[in-house]
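# Commentary on secondary and tertiary structure
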Amino acid sequence: MSTGYNFAYLDEQTKRMLRRALLKAVAIPGYQVPFGSREMPLPYGWGTGGIQVTAAVIGADDILKVIDQGADDTTNAVSIRRFFARTAGVATTEKTREATVIQTRHRIPETPLSEGQIMVYQVPIPEPLRWLEPRETETRKMHALADYGAMHVKLYEDIARYGHIATTYDYPVLVNDRYLMRPSPIPKFDNPKMDNSPALQLFGAGREKRIYAVPPYTSVKSLDFEDHPFEIQRWDQACALCGATESFLDEVVTDDAGGRMYVCSDSDYCGERRDEVEQ
Amino acid sequence: MSQAPLLRVSNLTHMYGNRVGCRDVSFELWPGEVIGIVGESGSGKSTLLSCLSTRQQPSAGLVEYDTADQGLTDVYALSEPRRRMLMRTDWGIVHQNPRDGLRMGVSAGANVGERLMAVGARHYGRIREQAGQWLDKVEIDPTRMDDQPATFSGGMLQRLQIARNLVTHPRLVFMDEPTGGLDVSVQARLLDLLRRLVTDLGLSAIVVTHDLAVARLLAHRLMVMRQGEVVEHGLTDQVLDDPHHPYTQLLVSSVLQP
Amino acid sequence: MIDVRNLDKTYVLHTQGGISIPVFKQAEMHVDKGECVTLHGPSGSGKSTLLRCLYGNCKADAGAILIRHGDGQIDLTTAAPRTIIALRQHSLGYVSQFLRAIPRVPAIDVVAEPLRAMGADLSMARDRAAALLARLRIPERLWQLAPATFSGGEQQRVNIARGFASDHPILLLDEPTASLDAANRAVVVQLIIEAKARGVALVGVFHDDEVREAVSSRIVTMQPEVCS
């Protein structure tokens, strides 16, 4: 652990400010709480919101897992994990089951989450209504009045253009039957995992200075039409490494001749399944 | 004839600082009636229309609308959700520039369907069916339903805007220079369409225009505005054929005859 | 059906230095069912103005114009615009000198429109419109065209058909035969006589002595500024 830093990098007053915002966010599921986002030692877009939330909730005996696109070994995941190992001295892991705090970009682990775990999502743009209403004053009013009808226009456009709802990630959800929420750019494959999850889910947007949350066991419904119900992605292939048919697959190009393979995006899940087979 | 007016306006005044937007305007609009507001640019027509359609809080006066459950109600005393509901169910607003009233980034069908979705329609097939019917009613080929409005002509855009407003069967439509900026042949088509829709649907409408011919074709009654005040008010053909106020006489005599 | 009392009308032209042109003073007129009253006098004597006052198109300065509407009477000089609109829809018909053609509306629908406004269904209104157009010798191939492109005489006949289509209990005629040939004039005379027989009260201005003689129950002579 590096010396000269406060525990988990941020000073105690900042962490208290963050916790107050988090408490409010948990009390009003899906509602975006403004907070005083700090300058962090990495650029916006690299997970500054997620890091601040993690710093506010992490304790010395927590075990941290960080994933980026499902993998524990990508640059962003590795550097954030090392950041907390150095500034907070916490234990880190790649195992979903062992982790108490999981910071993520773009995925929810395939292994079901359990009570007591905290998911921290990195959010680039928190406002689900932004694409149809550029004015912040107006989007806040729309949230206040639960005036979300126009949101279906986007889904309508998808069906009109592609024959099905083509939005595949950051798919809008209604939290606790009240607030419309952007689930951050996770694939819609992961949306059902948010619904009624036993884990606490926290969302941090550093550049946009917003925090929101889904408390454990809260309803999270993906928007859809009666005659075009919400559906998750499916693949014809199984994972080339572990043979999983129920997980989210990445397409990997293997050579210049157009060869490709499909593998689980969740590296921990995939590795665990392969270990089981070996045993 | 029904017993209650649809809209009652009493002593409506709006000031922009010391400047008069509109002053002391009072009138009643009855179901099925079309009122034209005429006057030159800057006469307060558009200010009045904004104040009536809750887009501009007036400095003084009362605008009451016949709501379904409470009868005549001050529209500025309505809660925001109710006012929004009113705007997208009972009311329609047709802007002079169709781009102000349309969502230019989404298809024609989505533009028409938006109001349906906004009031809770969640069946794609039925939304689409209704959007198609309305495009047909405003003489837009329903095969253009999935096209972007940017590919439409000015006249088509204006008709699309009208379809978008009428899809929820409003009772009252506010129109701000609905034929402004269109060339004459396109204007004629739009006017005929508006006339037919207003009659067939029994719409009430308040039409702001500086074009007296448009007013004659569409409006039952006329209000002539000058410097924010209504100077003459009466049956459309009476005001135009036997104008009394000096300003109305000037307005009528200034029209170019082709 | 019509009762005009002490009617005064003066045009004030503000755009021309505010000069006043008195048209008539203390005009009186009474029209009963089945009568055709003709207004007669030199040009400028206020015939058309009086007729337009009866339709609510001109606003009189003083006096009263009582028009029967249903079971009651309405004073046009004080009635609210929407009352006048209802009156025109159900009780008061008007044939003007010129047809105000609406772009794109076919002739047959121009004629059927007043009937439709009274609540008649489309096919019934079109049947009656077709019968009248045929009687007024408008070739059938023109019926589906907008009258804006018709000749003056054709337009005027469409206008007359429109006036007679709705069968209002009161009908005002402002020089309906002005641009018609003898044969068509005779049809119009016939239409007026039939209307009288049905009990319609008519008030007309006719420039043509022959027509006037043929249809008038009474003739009211008007002089500039005075009215008998």
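Residues numbered from 1 in each chain as written. Chains lettered and ligands numbered in written order. Predicted model: local features only at pLDDT ≥ 70, side-chain atom pairs only at ≥ 80, totals over all residues. Heavy atoms only, no water.

## Focus on the overall build of chain A
Along chain A, the regular secondary structure elements total seven helices and twelve strands. By principal-axis analysis of the C-alpha atoms, chain A measures approximately 60 × 55 × 35 Å. Sorting the 279 residues of chain A into buried and exposed places 53% on the buried side. Within chain A, contacts between residues at least 6 apart in sequence are counted, and of these 61% link residues at least 24 apart. Here chain A has roughly 12500 Å² of accessible surface; of this, 50% comes from carbon and sulfur atoms. Of the side chains in chain A, 32 bear a positive and 40 a negative charge, and the two mean positions are spaced by 8 Å. (Helix = DSSP H or I, 4+ residues; strand = E, 2+ residues; numbered from the N terminus. Buried < 20%, exposed > 50% of the residue type's maximum accessible area, 1.4 Å probe, protein only. Contact = heavy atoms within 4.5 Å. Areas by Shrake-Rupley, 256 points an atom, 1.4 Å probe, with all protein chains shown as cover. Lys, Arg positive; Asp, Glu negative; His and termini not counted. Charge placed at Lys NZ, Arg CZ, Asp CG, Glu CD.)

## As for the pattern of salt bridges
Where side chains of opposite charge bring their charged atoms close, a pairing between them can arise. All names here are of chain A. For the structure on display, the rule yields 48 salt bridges over all chains. One salt bridge in this structure joins E136 and R140, with 3.1 Å as the shortest N-O distance. Taken together, the residues E136 and R140, both in helix α4 (residues 136–144) and four residues apart, mark about one turn of the helix. By relative accessible area, E136 is classed as partly exposed at 27%. (Salt bridge = Lys/Arg side-chain N within 4 Å of Asp/Glu carboxyl O.)

## Some words on helix α4 (residues 108–118) of chain B
Residue and element names in this part refer to chain B. Buried residues dominate α4, accounting for eleven of its eleven residues. Within α4 the residues assigned to the buried category are A108, G109, A110, N111, V112, G113, E114, R115, L116, M117 and A118. Backbone geometry just after α4 places G120 at a positive phi near 110 degrees.

## So, the packing of helix α5 (residues 151–162) of chain A against α4 of chain B
Two numbers describe how α5 of chain A lies on α4 of chain B: the axes approach to 9 Å, and their chain directions differ by 140 degrees. Relative to α4 of chain B, α5 of chain A is oriented oblique. For the pair α5 of chain A and α4 of chain B, the sense of crossing is right-handed. Of the residues in α4 of chain B, those touching α5 of chain A at H152, V153, Y156 and E157 of chain A are G109, A110, E114 and M117 of chain B. Of the residues contributing to the contact of α5 of chain A with α4 of chain B, the split by class is four nonpolar, two polar and two charged. (Axes fitted to C-alpha atoms, helices over the stretch in contact; angles between N-to-C directions. Parallel < 35°, antiparallel > 145°, perpendicular 65-115°, else oblique. Left-handed = near helix turned anticlockwise from the far one by under 90°. Nonpolar A, V, L, I, M, F, W, Y, C, P; charged D, E, K, R; others polar.)

## Regarding the domain arrangement of chain A
All names here are of chain A. You can read the domains of chain A as domain 1 (12–222) and domain 2 (234–279). A straight line from the C-alpha centre of domain 1 to that of domain 2 covers 26 Å. Contact with domain 1, which involves 15 residues of that partner, is made by eleven residues of domain 2. For the pairing of domain 1 and domain 2, the buried interface totals around 1100 Å² over both sides, and the portion due to carbon and sulfur atoms is 43%. For the domain 1 face of the interface with domain 2, the top three residues by lost area are K95, E110 and F189, together amounting to 43%. Summed over the shared surface of domain 1 and domain 2, the number is two salt bridges. Here R97 makes a salt bridge to E272, at a shortest N to O gap of 2.6 Å. Counting the contacts that link domain 1 with domain 2 gives eight residue pairs in polar contact (both at pLDDT 80 or more). Its residues assigned to classes, the side of domain 1 that touches domain 2 comprises four nonpolar, four polar and seven charged. (Domains from an automatic or database assignment. Buried area = accessible area lost by both parts, 1.4 Å probe. Polar contact = N/O pair within 3.5 Å; in protein donor to acceptor, adjacent residues only side chain to side chain.)

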